[in-house]
Amino acid sequence: GIRISFHPEGMCEHRPTFQVLWLAPLLFLWQALIRHLAVEWSVNPQYGYGWAVPFLSVWLIWRELSVARPHDRGRESGSGTPLDRKAMVLGAVLAFAYAPTRLIEEANPEWRLVSWLFALVVVGLTLLTLRLRERAPLQLGGCVPGPAGFRLPAFPFLFFLVAVPWPTVIEAPLIRGLSATVTWATTEALGFAGIPCLLHGNVIEVGSGMVGIDEACSGIRSFQASLMVALFFGEIYNLTRARRLLLTLAGIACSLQFNLLRTTLLAFLAATKGVSAITSWHDPAGLAILLSCFFVVWLLAFRLRKPDQSAPPGSMVPGEERFASSSASLLSSARTRAVRPPVLEGHWLHSSSVALGLGVWLALVEFGTEAWYRVHEQRLPAPSVWRLDPPRAQAGFCDLPFSPASRQILRFDEGINATWLAGTGLRWQAIFLRWDPGRVGVHLARNHTPEDCLVAAGHELVAESDVQLVSVHGLGLPFRSYTARDEGGPVHIFYCLWEDRAIRRTFDAEWLSYRNRLAPVLAGLRNSGQRSLELALWGAESQAEAKAALGAVLDQIVKIED
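Every chain is numbered independently, its residues counted from 1 as its sequence is written. Per-residue local features are limited, in this predicted model, to residues with pLDDT of at least 70; the limit for side-chain atom pairs, both in listing and counting, is 80 or more; totals at the level of whole chains, interfaces and linings are taken over all residues. With hydrogens and water set aside, each side-chain value is computed from the structure's full complement of heavy atoms.

1. Quick notes on the pattern of salt bridges
Here, a salt bridge means any Lys or Arg side-chain nitrogen found within 4 Å of an Asp or Glu carboxyl oxygen. This model, assessed by the stated rule, comprises 14 salt bridges. Its salt-bridge partner being arginine 392, residue aspartate 399 comes within 2.7 Å of it at the nearest N-O pair. Salt bridges sharing partners connect three or more residues here, namely Arg102, Glu105, Glu106, Glu366, Glu370, Arg374, Glu377 and Arg526.

2. Some points on the side chain of threonine 187
The numbering of helices and of strands both runs from the N terminus, where a helix is a DSSP run of H or I of at least 4 residues and a strand a run of E of at least 2. Among the structural elements, threonine 187 can be located in helix α8 (residues 168-192). Relative accessible area decides the class of each residue, using a 1.4 Å probe on protein chains only: under 20% of the type maximum gives buried, over 50% gives exposed, and in between gives partly exposed. Look at threonine 187 and you get buried, because its relative accessible area is 13%. Polar contact criterion, stated in full: a pair of N or O atoms within 3.5 Å, where within protein one must be able to donate a hydrogen and the other to accept it, and residues adjacent in sequence count only if both atoms are side-chain atoms. Within the structure, threonine 187 has its side chain in polar contact with the backbone oxygen of threonine 183 (distance 2.8 Å). Any two residues whose heavy atoms approach within 4.5 Å are treated as being in contact. In this structure threonine 187 touches Cys197, Leu199 and Ile204, once residues within four positions along its chain are discounted.

3. Considerations on the environment of leucine 291
Here leucine 291 shows up in helix α11 (residues 277-304). Here leucine 291 falls in the partly exposed class, since its relative accessible area comes to 42%. Separated by 65 residues in the primary sequence, leucine 291 and serine 226 have C-alpha atoms spaced 9.9 Å apart.

4. A look at the environment of alanine 271
The topology assignment puts alanine 271 in helix α10 (residues 241-273). Under the relative-accessibility criterion, alanine 271 is labelled partly exposed at 24%. Taking the C-alpha atoms as reference, alanine 271 lies 7.8 Å from glycine 209; in sequence the two are 62 residues apart. Setting aside chain neighbours within four positions, we find alanine 271 in contact with Ile195, Val206 and Ser208.

5. Observations regarding the packing of helix α9 (residues 220-236) against α10
The contact between α9 and α10 brings their axes to 8 Å, and the two run at 150°. Here α9 is positioned roughly antiparallel relative to α10, judged by the angle of their axes. Relative to α10, α9 is oriented so that their crossing is right-handed. Taken together, the residues of α10 that come into contact with α9 (itself represented by Ser222, Phe223, Ser226, Leu227, Ala230, Leu231, Phe233, Gly234 and Glu235) are Arg244, Leu247, Thr248, Gly251, Ile252, Ser255, Leu256 and Asn259. Looking at the contact of α9 with α10 residue by residue, the class counts come to eight nonpolar, seven polar and two charged. All axes here are fitted lines through C-alpha atoms, helices being fitted over the stretch that makes contact, and every angle between N-to-C directions spans 0 to 180 degrees. Under this scheme an angle from 65 to 115 degrees is roughly perpendicular, one under 35 degrees roughly parallel, and one over 145 degrees roughly antiparallel; angles in between are oblique. The crossing is said to be left-handed when, going from far helix to near helix, the turn is anticlockwise and less than a right angle, and right-handed when the turn is clockwise. Amino acids outside the nonpolar list (Ala, Val, Leu, Ile, Met, Phe, Trp, Tyr, Cys, Pro) and the charged list (Asp, Glu, Lys, Arg) are all regarded as polar, and Gly is one of them.

6. Re helix α17 (residues 514-522)
Within the sequence span of α17, burial applies to Asn516, Arg517, Pro520 and Val521. Angularly, the buried residues of α17 cover 150° about the axis, an arc narrow enough to put them on a single face. Those residues of α17 that are exposed and angled more than 90 degrees off the buried face are Tyr514, Arg515 and Leu522. Looking one or two places after α17, you find glycine 524, whose phi comes out positive at around 65°. Summarising the geometry, the arc corresponds to the directions from the helix axis toward the C-beta atoms.

7. Points about the nonpolar core
In this description, a nonpolar core means a group of buried Ala, Val, Leu, Ile, Met, Phe, Trp, Tyr and Cys residues linked to one another through side-chain atoms lying within 4.5 Å. Counting 55 residues, the largest nonpolar core has Leu33, Val53, Phe159, Phe233 and Leu247 as its most contacted members. Excluding residues within four positions of it along the chain, valine 53 makes contact with Phe159, Phe160, Val162, Ala163 and Met228. In terms of nonpolar packing, the next biggest core, distinct from the first, is built from 29 residues, Val472, Leu533, Leu537 and Ile557 among them.

Okay, structure coming up:
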């Protein structure tokens, strides 16, 4: 075999260079992942806890680095083991997978499947690089950043996955189930307390008005936050797998119970003091249940710890394999390396080469992704834009304000919400939203769709049509129509989602079809500006009458921009 020797003093001259070389690709990947997920953390309140996860992960890593682990491969023996070829192959596969993931993510930043692929690629590359880093003291004469012999576990990096949004196929049924359960349980609790109330879908009618149970009130936020806290404290106290499972289940049960208490309190306040009283109590009550779940899970984890673990979390040293002091082992390792330089046998690749190769590959992927979309965007049609000019002189016209929560979640650049009368008993409401060009616009525009809003508002959805083009001043606007029913009779809703430079004017279930997801990638189409228009009509007796009224009102309120 090939026998290669490195002298420690010669390698130590380049220690700062190696530090930057080894850390730069990983830091780039992690900042890209956090920047990608930050959109969901910002616009979706149930994932707001995601902002805390990176800091908790870093704290867990620092905690592991503060204690030493013994060498377990005989690194000072000079007979080093070859690199794990399977790990190298897996690392190459993950690095290659980053290219299509990044390409798809640029056109579909809100696609949760891409978020999971992105996160798994970053976590996998990090763990494999750290595995290679474990062998670096042998290969580079001990001149790698950090004490020799440290071995970081996978948990701090896998823990980050709790901040990745759940796939819709899992999250949507869970939210619907939780919302229905919480609404029913709250109604039963109010009835038990002697407060008359009626259940309408996810809306509770009390004497002073209607109380809606939205996604946040379903308990999904505290459900996911309690899962994160249980996993964190399970690692802090080094609980066994069975006790970690028990802690997780107890945290979830606690979150559901606290959320039921919160919704019951809010509904009770609405019934006794008026619906407006909910505004001042809604957020403080939500914060209270999150803090309550945190301390309950912490207390339970403390009770489940091993009997010999009496130290507080910040100073605990879980596991017999860790040492209370690492100075002696570090000094011994340093002396050993000074006496006998390590020898490599048959190594064709070392960690600096891998780090350099990974950095070059990431740069090529970023350059190629940007070049792909820029070249294709030059061939796209010119923007076709329009705006809403509401009929302010119409009888019964009224501007309706957007709630602070709607503005925070949707983050539109322009918004109009207005209602007016159209004669012969017809009443219109129009909601127009516009997002300037940018990657986040696609995500926000697709969040504002009527399907979930109608059900959450207590309407019964009875009909839905395919996308149909409606000609307005020579421009074909794609509309999907819905028919819902409430206590006042049928309500006809028309919804249009428009992308300024789209090749094909449709939004036919783009978030559900892989084909429609990949089409903009192949076409090199990123978000070039989004706008949506939702029109609700009361008073029309039939769908045909509603469509005729739609054509007339669109000619009146839609203005084409040059």
